[in-house]
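Next come the chains, spelled out residue by residue.
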Amino acid sequence: KKAMSEEPGFLLTLVDGAIGLMMIIGPNIGYIPQYQQIMKNQSLGTFSIDVCAILIFSNILRIFFWFGKRFETVLLVQSLVLIVCQFFLLNACV
């Protein structure tokens, strides 16, 4: 009986963790082909460095906001990962 009552909690934790991971990785997946294209062609094409700057700035603001009013840790990690991703793109551009 005890194992049955713990199973839904474990499943819920597992699903919650998977959703959190998707929320962190999902927004950055679209930048992988962009990064590969920039590296392959050694050209920016339609990629805009201004968008990188805006995304970095907005995510830094989100991190500062987190210190004042805490929100989901998943969103904080998402911002950190997005900033790292944008810096990789900027590095590929220069």
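This text follows the structure it describes.
In what follows, the accompanying structure is described. (Residues numbered from 1 in each chain as written. Predicted model: local features only at pLDDT ≥ 70, side-chain atom pairs only at ≥ 80, totals over all residues. Heavy atoms only, no water.)

1. A closer look at the overall build of the protein
And step 1. The number of helices and strands found in the protein is 4 helices and 0 strands.
And step 2. Counting helices and strands in the order they occur from the N terminus, the protein gives α-α-α-α.
And step 3. Taking 2.2 N^0.38 as the reference for a compact globule, 94 residues should give roughly 12 Å; the C-alpha atoms of the protein span a radius of gyration of 18 Å, well beyond that estimate.
And step 4. Seen along its three principal axes, the alpha-carbon backbone of the protein occupies a region of about 60 × 35 × 15 Å.
And step 5. Buried positions account for 22% of the 94 residues belonging to the protein. (Helix = DSSP H or I, 4+ residues; strand = E, 2+ residues; numbered from the N terminus. Rg over C-alpha atoms; globule rule 2.2 N^0.38 Å. Buried < 20%, exposed > 50% of the residue type's maximum accessible area, 1.4 Å probe, protein only.)

2. Remarks on a nonpolar patch on the surface
And step 1. Taken together, Phe10, Leu11, Leu14, Val15, Ile19, Met22 and Met23 make up a surface patch of nonpolar side chains, about 700 Å² in accessible area.
And step 2. Assignment of secondary structure puts Leu11 in helix H1 (residues 2–29). (Patch = residues over 30% accessible without salt bridge, like charges linked within 9 Å, V, L, I, M, F, W, Y side chains within 5 Å. Areas by Shrake-Rupley, 256 points an atom, 1.4 Å probe, with all protein chains shown as cover. Salt bridge = Lys/Arg side-chain N within 4 Å of Asp/Glu carboxyl O.)

It is worth stressing that arrangement in space is one thing and function is another; only the former is reported here.
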